[in-house]
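Residue-level structure breakdown
Spelled out, the chains give:
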Amino acid sequence: MRYWLMKSEPDEFSIDDLARAPKKSTAWFGVRNYLARNYMRDQMQLGDRVLFYHSSCEVPGVAGIAEVSKLAYPDETQFDKKSDYYDPKATRDNPRWVHVDVKFVKKTRLLPLSELREHKQLAKMQLLQRGNRLSITPVDPAEWKYIESIL
DNA sequence: GCCAACGTTGGC
DNA sequence: GCCAACGTTGGC
């Protein structure tokens, strides 16, 4: 089992939205970065644990825990001309973008980015590296364990 | 709203 | 295949 961090803008979709969603799960649609896509497509397994991270908001940080509940499959929004995520180069025969489903596990206290940065045990987290913009990053098992201990 | 960092695009 | 220009992300 692997561990991940996935960013979502809470104005768009928050941990509370996930808790309220049908079956408490959602398709993680809209990822348009190849590395993030490849993590979902090639590495995510059912039951993998996910730090649900709120980004681009007043206090960015970890807001809850989720798990991978469905393996990668094509992202419907790439075919939808009305969608912000429409990709004219994607076809149903040759889809370019896939995503997993994630399911609510629990809401946690908000663990702010600023606090994550204070812990030297987390200094190597990919999220905290300079210039990191990737919306999906792997989390080291030791980092995961440490974060659980301070949540 | 600013801007650093980084990914993507497209001309050559 | 290089790389400048451009667009996007996301913290501040």
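Residues numbered from 1 in each chain as written. Chains lettered and ligands numbered in written order. Predicted model: local features only at pLDDT ≥ 70, side-chain atom pairs only at ≥ 80, totals over all residues. Heavy atoms only, no water.

**Re the sheet that holds strand S1 (residues 3-8)**
Test applied: Following DSSP output, two strands are said to pair if at least two bridges run between them. Secondary structure elements follow DSSP: runs of H or I of four or more residues count as helices, runs of E of two or more count as strands, with numbering from the N terminus. Every axis corresponds to a line fitted to the C-alpha atoms, with the helix fit spanning only the stretch in contact, and the corresponding angles, defined between N-to-C directions, vary from 0 to 180 degrees.
The strand order S2-S5-S4-S3-S1-S6 describes an open sheet built from 6 strands, whose pairing is mixed. With one partner strand each, in any of the chains shown, strand S2 (25-27) and strand S6 (136-139) form the two edges of the open sheet. In this sheet, neighbouring strand axes are inclined to one another by 35° on average, regardless of whether the strands run parallel or antiparallel. Where S1 and S6 come together, 4 bridges link them in antiparallel fashion. Bridging from a neighbouring strand, Leu-5 pairs with Thr-137 of S6.

**Some thoughts on the protein's contact with DNA strand C**
Applied cut-off: For this description, a residue counts as near a given molecule or strand if any of its non-hydrogen atoms is within 4 Å of it. Polar contact is the term for a pair of N or O atoms within 3.5 Å; when the atoms are in protein, one must be able to donate a hydrogen and the other to accept it, and sequence-neighboring residues count only if both atoms are side-chain atoms. Ten residues, namely Ala, Val, Leu, Ile, Met, Phe, Trp, Tyr, Cys and Pro, are considered nonpolar, four, namely Asp, Glu, Lys and Arg, are considered charged, and the remaining ones, Gly among them, are considered polar.
Contacts to DNA strand C come from Lys-7, Tyr-53, Ser-55, Ser-56, Pro-60, Leu-113 and Arg-133. Here, DNA strand C places atoms within 4 Å of the protein, and 71% of those atoms are sugar or phosphate. Contacts to DNA strand C include Arg-133, whose side-chain N or O atom sits 2.5 Å from a base oxygen. Of the residues belonging to the surface near DNA strand C, the class tally is 3 nonpolar, 2 polar and 2 charged.

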